[in-house]
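Architecture at a glance
Chain by chain, the residues:
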Amino acid sequence: GKDEVNVTVCDINPEMLRVGESRARKRYGSALFDETCALKFVEGNAQCLPFEDNSFDLYTIAFGLRNVTDVDMALRDALRVLKPGGRFLCLEFSHVQNVPLAQLYDIYSFHVI
């Protein structure tokens with residue numbers, strides 16, 4: 001069927017996709033995959049995504065830019081697959097140089113999230 005919301009999970013690692021799909025099936029049931037188009041898992045490289053231009057309203061990437069060989073290429077391809085007005089959300093962590101802020105950052109990242 002056709003759904004209002006469709007989620008596509010894309011990763012370069014097929015084993016990560018297999019684990020993710022297995023967990024999703026256990027948690028949400030197989031109907032989400034077998035009877036709707038609401039959730040799908042696709043193998044792909046962030047630098048050359050296997051999607052048409054202007055395909056997505058929202059693009060999220062978490063801890064992924066640090067793992068690509070060409071960040072600019074990955075960002076360009078993210079922009080390519082986003083629809084006009086689409087949103088790009090990126091979650092990455094980095095090293096904090098300021099000692100007091102680094103201590104707060106460590107507390108937050110190791111104990112809160």
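Remember, predicted model here, so these are calculated numbers, not experimental data. (Residues numbered from 1 in each chain as written. Predicted model: local features only at pLDDT ≥ 70, side-chain atom pairs only at ≥ 80, totals over all residues. Heavy atoms only, no water.)

**Regarding the environment of C48**
So the rule is basically this: Strands are runs of DSSP state E lasting at least 2 residues, helices are runs of H or I lasting at least 4, and numbering of each runs from the N terminus.
Relative to the helices and strands, C48 resides in the loop between β2 (39-43) and β3 (56-62). A C-alpha to C-alpha distance of 27 Å links C48 and L32, two positions 16 residues apart in sequence.

**Thoughts on the environment of M16**
Selection criterion: Relative accessible area decides the class of each residue, using a 1.4 Å probe on protein chains only: under 20% of the type maximum gives buried, over 50% gives exposed, and in between gives partly exposed.
Relative to the helices and strands, M16 resides in helix α1 (residues 14-28). Here M16 falls in the exposed class, since its relative accessible area comes to 52%. Along the chain, M16 and F41 lie 25 residues apart, while their C-alpha atoms are 9.9 Å from each other.

**Considerations on helix α4 (residues 99-112)**
To keep it simple, the criterion reads: A helix is expected to span 1.5 Å for every residue after the first. Two N or O atoms form a polar contact when they lie within 3.5 Å of each other; inside protein one atom must be a possible hydrogen donor and the other a possible acceptor, and for residues adjacent in sequence the pair counts only when both atoms belong to side chains.
The terminal C-alpha atoms of α4 lie 19 Å apart, and with 14 residues this matches the ideal 20 Å at 1.5 Å per residue to within 8%. Where α4 begins, the side chain of N98 points an oxygen toward the backbone nitrogen of L101, at a separation of 3.1 Å.

**Some details on the packing of aromatic side chains**
Note the cut-off: Aromatic rings from Phe, Tyr and Trp, with only the six-membered ring used for Trp, were paired whenever their centres fell within 6.5 Å, and each pair was classed as stacked if the ring planes differed by under 30 degrees, edge-to-face if by over 60, and tilted otherwise. Either the NZ atom of lysine or the CZ atom of arginine qualifies as a charge over a ring when it sits within 6 Å of the ring centre and within 35 degrees of the ring normal.
Using the criterion set out here, one finds 3 aromatic pairs in the structure. Arranged with centres 6.0 Å apart and planes meeting at 25 degrees, the rings of F33 and F41 form a pair that is stacked. For the ring pair F51 and F56, a centre distance of 5.0 Å and an interplane angle of 85 degrees mean the geometry is edge-to-face. Here R25 stacks its cationic end above the ring of F33, 4.3 Å away from the centre of that ring.

**Notes on the nonpolar core**
For soluble globular proteins, nonpolar side chains are generally found buried alongside one another. What counts here: We define a nonpolar core as any set of buried Ala, Val, Leu, Ile, Met, Phe, Trp, Tyr and Cys residues linked to one another through side-chain atoms lying within 4.5 Å. Contact between two residues is taken to exist if any of their heavy atoms lie within 4.5 Å; hydrogens are not considered.
Core analysis: the biggest nonpolar cluster contains 13 residues, and A46, L49, F51, Y59, A74 and V81 have the highest contact counts within it. At the level of secondary structure, the elements contributing two or more residues to this core comprise β3 and α3 (71-81). In this structure A74 touches A46, Q47, L65 and V68, once residues within four positions along its chain are discounted. Formed by 5 residues, the second largest nonpolar core is a distinct cluster that contains L17, A24, F33 and L39.

**Observations concerning the pattern of salt bridges**
Spelled out, the test is: Here a salt bridge means any side-chain nitrogen of Lys or Arg lying within 4 Å of a carboxyl oxygen belonging to Asp or Glu.
Enumeration over the complete set of coordinates arrives at 7 salt bridges. The residue R25 makes a salt bridge to E21 at a minimum N-O spacing of 3.0 Å. Here E21 and R25 lie together in helix α1, a separation of 4 residues that amounts to about one turn. Look at the salt bridges and you will find they share partners, linking E21, R25 and D34 into a network.

**Things to note about the state of the cysteines**
Defined as follows: Criterion for a disulfide: a pair of cysteine sulfur atoms at a distance within 2.5 Å.
In this structure the tally under the stated criterion is 0 disulfides. For C37, which is in no disulfide, the shortest distance to another cysteine sulfur is to C10 and amounts to 17 Å. C10 supplies the cysteine sulfur nearest to C48, a cysteine that is in no disulfide, at a spacing of 10 Å.

Function cannot be inferred from these measures alone, as they are strictly geometric.
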